[in-house]
Amino acid sequence: MRTHHFFGAGPSQVPLPVIERIREHLLEYESSGRSILEIGHRNPLFLKMLEQAESGILDLLELSRDTHRALFFAGGARQQFQLIPINFLCAGAPAEYLMTDYWSEQAASAAEAFGAIRRITCDITREQPGSPFADSAGPVSYRHITSNGTVNGYQLILPVVSPGCPLIADMSSDLLTRRLPDIRPDVMYAGAQKNLGCAGLSVVIGHQDALGHAASRVPFHWNYAILCDRRVPDATPPVLSIAVAAEMIRWTREEGGVGEMERRSRLKAQGVYSVIDAHADVYRTTVAIQNRSRQNVVWHMRDAATEASFIEAAVREGLTGIRGHASAGGVRVSLYNGVSMAEADDIARFMDMYASHLR
Ligand SMILES: Cc1ncc(COP(=O)(O)O)c(C=O)c1O
């Protein structure tokens, strides 16, 4: 059983009911006499699970099953960093990448290998005055945003408009935690290991018209347009990771859906940020208040030694997974859907106590 709270940035804490259902599936999947590990991808039981995962995630996002697809891929979000330009980047029309986090840079540099891109800078320490993309001089293949900065704790809150070309969002760390209308991407993608279960899977979601533009030279297994036309996977997919995603989707629906996840996210984040603001001399954040991430709360302390002893003290209290990303240091508390309100309260209380003792 779980002995501590886990606030890791991904892989993240998975709700216990999901783990329990997966344990049952490991022993026997749906009275088939076989473990989920032994279910093949042409087995009607798997096809039903895949269909339920796809329709379930579209329903949660309030996207029509008639017009949209959710495609599941073996491999994480970094794979999509390359598949996005392979599918969408056209000669003579650069793509624009909004640079808000370490992951935006990773996505932009992966795309650069396939053609021209433009980096659009963004000062995360200031409130954004409006939609971040200015009118572009010539044609643009697509515009790319990282809706939530897992590393620096910046979340795009404003509506983003992308006239004339699709808006593509890396939603790896906030898919299913917020309703879509505020950013309205045409295509979104995410690695599964934060709010959609476990590693080994990514999902690409979009309107079939937007996904259907890949050139025929794009290899079959990476070609969004071809994949959109198929319901049965050609190659063996990661059945177990898809089963976990299907159970996460079911759990999210049973818990009240994305609106409820957003409500909880707001409350969880509010609790932690209120302690940060009450002890601004101890916990230092640089992100503009309006763009503070509700998923990854990131801060620095006086020096690295203080951060290390904070993290050690937290671990002693059973509050784990809070070391900042290797590229940024500091402390990071991730409050994904699998982290309960009570757990968020526990870390906020600990932070409050720790800061009071430092004084
Ligand atoms: C926003 C974002 N994009 C992309 C990635 C990379 O994901 P993966 O490890 O699944 O390739 C991460 C991983 O943490 C992320 O947070």
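The structure displayed is predicted, hence computed values, not measured ones. (Residues numbered from 1 in each chain as written. Predicted model: local features only at pLDDT ≥ 70, side-chain atom pairs only at ≥ 80, totals over all residues.)

Entries for the protein chain in the domain assignment read domain 1 (16-254) and domain 2 (257-358). Computed over C-alpha atoms only, the centres of domain 1 and domain 2 are separated by 27 Å. The interface is formed by 27 residues belonging to domain 1 together with 24 residues belonging to domain 2. Residue classes in the side of domain 1 that touches domain 2 are distributed as eight nonpolar, 12 polar and seven charged. (Domains from an automatic or database assignment. Contact = placed C-beta atoms within 7 Å. Nonpolar A, V, L, I, M, F, W, Y, C, P; charged D, E, K, R; others polar.)

Glancing now at the environment of Gly130. With respect to the secondary-structure elements, Gly130 resides in the loop between strand E4 (117-121) and strand E5 (143-146). The spacing of Gly130 and Thr177 is 47 residues in sequence and 22 Å in space, taken between C-alpha atoms. (Helix = DSSP H or I, 4+ residues; strand = E, 2+ residues; numbered from the N terminus.)

Next up on the list: the site of the ligand. The environment of the ligand is formed by Gly10, Gly76, Ala77, Arg78, Trp103, Thr146, Thr150, Asp170, Ser172, Ser173 and Gly191. Tallied by class, residues from the shell around the ligand come to two nonpolar, seven polar and two charged. (Near = placed C-beta within 6 Å.)

Here the focus is the pairing of strand E3 (residues 95-99). Among the five residues of E3, four are classified as buried, and the element is accordingly described as predominantly covered. Sheet topology note: the E3/E4 ladder contains five bridges and is parallel. Within E4, the position partnered with Glu96 by the bridge is Arg118. Taken together, E3, helix H4 (residues 102-112) and E4 form a β-α-β motif whose crossover is right-handed. Alignment of E3 against E5, held across two bridges, turns out to be parallel. Its bridge partner lying in E5, Tyr97 is registered against His144. (Buried ≥ 20, exposed ≤ 12 C-beta atoms within 10 Å, placed from the backbone. Pairing = 2+ DSSP bridges. Right-handed = clockwise from strand over helix to strand, strands pointing away.)

Right, let's talk about the sheet that holds strand E2 (residues 68-74) for a bit. Sheet architecture is open: seven strands sit in the order E2-E8-E7-E6-E5-E3-E4, paired in mixed fashion. Edge strands, defined here as strands with exactly one partner in the open sheet, are E2 and E4. On average, each strand axis in the sheet is inclined to that of its neighbour by 20°, with strand direction left out of account. With respect to the sheet, H4 is in contact with E3, E4, E5 and strand E6 (167-170), its orientation differing from that of E3 by roughly 160°. (Axes fitted to C-alpha atoms, helices over the stretch in contact; angles between N-to-C directions.)

Gly10 connects to Pro11 through a cis peptide bond whose omega is 0°. By secondary structure assignment, the location of Pro11 is in the loop between strand E1 (5-6) and helix H1 (16-27). Despite not being glycine, Glu30 has its phi angle at roughly 45°, a positive value. Locating Glu30 in the fold gives a position in the loop between H1 and helix H2 (44-60). With a phi angle near 55°, Glu62 is a residue other than glycine that sits in the positive phi range. Along the chain, Glu62 falls in the loop between H2 and E2.

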